[in-house]
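Below, each chain spelled out in residue letters.
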Amino acid sequence: MSEPILTLSDVTVAFDALKAVDGVSLTVPRGQRRAIIGPNGAGKTTLFNAIAGAHPPTSGKVMFNGNDVSELPPHRRARLGISRTFQITNLFPTLSVQDNMMLALRGLKPKKFSLFGAPDPDEAEAARIGSALKAARIAERADVIVKEMSYGEQRQLEIAIALVTTPTMLLLDEPAAGLSPSERSMIAEVIRSLDPAITVILIEHDMDLALGLVDHVTCMFEGRVLVEEPPEGIRRNAKVQEVYLGKPRHA
Amino acid sequence: MTPASKSRILGMTARGATTAAAILIVAALLPLGLSSYQVGLATEILIFGILAMSIDILAGFAGRTSLGHGAIFGVSTYVVVYMTSQAEMSPWLALLLGIAAATVVAAVFALLAVRTSGVYFLLLTLALGMIIWGVCLRWTQVTGGENGMRGDVRPAILVGQSAFYWAVLACAAVVSYAMWRFVCSPFGLTLRGIRDSESRMRSLGYNVPLHLFIGFSVSGVFAGIAGALYAMFNNFVSPSTVALAQSVEGVLMMIAGGVGTLFGAFVGAAAIIVLENIVSSYTQRWLMVLGITFVLIMIFAPEGIIGKLRAIFSRKAKAP
Ligand SMILES: Nc1ncnc2c1ncn2[C@@H]1O[C@H](COP(=O)(O)OP(=O)(O)OP(=O)(O)O)[C@@H](O)[C@H]1O
Ligand SMILES: [Mg+2]
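Remember, it's a predicted structure, so these values are computed and weren't measured experimentally. (Residues numbered from 1 in each chain as written. Chains lettered and ligands numbered in written order. Predicted model: local features only at pLDDT ≥ 70, side-chain atom pairs only at ≥ 80, totals over all residues. Heavy atoms only, no water.)

**Student:** Whenever I open this one, the coordination of the magnesium ion (ligand 2) confuses me. Can you help?
**Tutor:** Around a metal, the idealised angle for a tetrahedral arrangement of four donor atoms is 109.5 degrees; for an octahedral arrangement of six donor atoms it is 90 or 180 degrees. Residues and elements named next belong to chain A. The magnesium ion (ligand 2) binds to the protein through Thr45 (OG1) and Gln87 (OE1); the donor distances cover 1.9 to 2.2 Å. Separated by 42 residues along the polypeptide, Thr45 in helix H1 (residues 44-52) and Gln87 in the loop between strand S6 (82-84) and helix H3 (97-106) bring together distant segments of the chain. By relative accessible area, which is 32% here, Gln87 ends up partly exposed. (Donors = N, O, S within 2.8 Å, 3.2 Å for Na, K, Ca; no water. Helix = DSSP H or I, 4+ residues; strand = E, 2+ residues; numbered from the N terminus. Buried < 20%, exposed > 50% of the residue type's maximum accessible area, 1.4 Å probe, protein only.)

Below is the structure:
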């Protein structure tokens, strides 16, 4: 258990001249709840892309669960147990919640190629979908068409989709962005009650939300790690206050 | 899960199965009340309904409208007519060859088109269809060029107008059922996923071009079946069978019925073929009338005839 689940060594992601992520080294122990905070453009989402494979690192190494995944495409990393949600909601709007979950579940399975098979989920699939929807607190909404759900529910579905493949590590990119206070506390509750065996990395602008949920905080600034500290100390950290808390949107 | 899903007949709900059976019975009784000319029209409607449905698999479910399906359809017709008349092959074998040829052509189209979407997909499939048309027009030794080819395709037992109609009806029923199963299947769901969000599908581990390739090829099989039936119906083939107008008509039938309604294709085919027959007894300008009809549909019923009816009924059901 002591071996870390995720180790980044000197990871850099460059877009031409811009180093969006610049030499980040990071270790996340198994089962930890980790927050990544930092001002807009700090490179948080790009770091997620490097971990999940959407934008493989330009240089550096990503070790996940004992495997070097630096060069693997996203679906291979997903197969190893990395799952993520997106900062911008990206669902299947004209399909039902159930069908969204089915697509998420079957992405890594040969059953997706069944050309004339019955559409219904088998028992094991139904159980997984049921428990993921329950964990995201939208169990009663399975038959609703996604575009008819509230934005908050759609964010919950994002999480349910990431959970249905039973990941070992879950990357949440601003899951509560754009939500009302009551919806935010719903999302916080969902994250708090996730299976403790899952390692969770959370990007979140809202300090109050993030700090109440995690064991450890990484603050990024201009592509680099600025500070790493437990949540208790982070608010008083002078560097963090300078780049982050001083910003008007968090006043 | 729900009680309804337990009592399924061949995967259909009880109500769906009853409706399908009722429509089939009515359709099967038609030749008893129609003139032989009208039975011919009904046969044509069924054949083009299959073509329009095959286009709907891609347009309505994968979000990609093909303007090359007339050519895929026509390749099958050409092969069937050629094999029976020039190569003196048995009609049954010729039908299979025709469908196989259409499938191969569809697979080649698919290889080139699956990485595109929207108007690029439309234009690319249009251009590929034009190539087929060019080949059929110029390769005179084999295709008979502009004059086309005549053949005696129908097997002896299907020579009668009604017998042939029933055969096509049976075929249309089986093929429609197969297409319905296909769009509802786990694979069909992946096509709808691609229509809604390609990027999300990719991040979930789907190979999007591969799925579109398979979808396009399967759609080609069905277009090929329609083309083979058309060879038997017409006993003649010429470049106009693979021309752009054929593809456009197929797409218009699909749109007139309702994109994504699948069975609407038959309604659309009926509307356009009946209209064509009424109009051409008054004027030569069928294409102009077709254009105007299409504009009217886009303005007053962009969701198609079936889509419009559904909307009206659900509004009535909701009204107090
Ligand atoms: N695909 C891309 N091409 C070019 N530049 C990019 C790309 N993606 C991100 N960037 C740039 O990289 C930098 C970091 O972006 P990133 O999205 O990782 O920031 P972030 O910390 O997630 O910000 P936010 O809090 O606004 O979501 C920004 O300057 C951004 O403009
Ligand atoms: Mg971001």
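Back to the text.
**Student:** It is not clear to me how the packing of aromatic side chains should be interpreted in this structure. Could you clarify?
**Tutor:** The description of an aromatic ring pair rests on the distance of the ring centres and on the angle between the ring planes. Residue and element names in this part refer to chain B. Inspection of every chain in the model, using the stated rule, returns 10 aromatic pairs over all chains. When the centroid spacing of 5.4 Å and the interplanar angle of 70° are considered together, the rings of Phe48 and Tyr230 count as edge-to-face. Of the two residues, Phe48 is situated in helix H3 (residues 36-61) and Tyr230 in helix H11 (residues 208-234); the sequence distance between them amounts to 182 residues. Each member of the pair, Phe48 as well as Tyr230, carries the same accessibility label: buried. An angle of 40° between the planes, with centres 5.7 Å apart, marks the rings of Phe182 and Phe187 as tilted. (Phe/Tyr/Trp six-rings, centres within 6.5 Å; stacked < 30°, edge-to-face > 60°.)

**Student:** In this structure, what is going on with the sheet that holds strand S5 (residues 67-68) of chain A? I would like to understand it.
**Tutor:** Two pairing modes exist for strands in a sheet, parallel and antiparallel, and in both the strands are linked by backbone hydrogen bonds. All names here are of chain A. Overall, antiparallel pairing links the four strands, which are arranged S2-S1-S4-S5 in an open sheet. Looking along the sheet, the strands with just one partner apiece sit at the ends: strand S2 (18-29) and S5. Summarising the sheet, strand S1 (residues 4-15) and S2 pair through eight bridges and their orientation is antiparallel. Of the residues in S2, the one forming a bridge with Thr7 is Thr27. (Pairing = 2+ DSSP bridges.)

**Student:** When you look at the pattern of salt bridges in this model, what are you seeing that I'm missing?
**Tutor:** Residue and element names in this part refer to chain A. Using the criterion set out here, one finds 14 salt bridges over all chains in the structure. In this structure, the salt-bridge partner of Arg34 is Glu228, at a minimum N-O distance of 3.5 Å. In this pair, Arg34 sits in strand S3 (residues 33-37) while Glu228 sits in strand S10 (residues 224-229), placing the two residues 194 residues apart along the sequence. Given a relative accessible area of 36%, Glu228 falls into the partly exposed group. The partner of Glu125 in a salt bridge is Lys111, with the nearest N and O atoms 3.3 Å apart. Remark: Lys111 occurs in the loop between H3 and helix H4 (123-135) and Glu125 occurs in helix H4; sequence separation between them is 14 residues. Members of the salt-bridge network, linked through shared partners, are Arg106, Lys111, Asp122 and Glu125. (Salt bridge = Lys/Arg side-chain N within 4 Å of Asp/Glu carboxyl O.)

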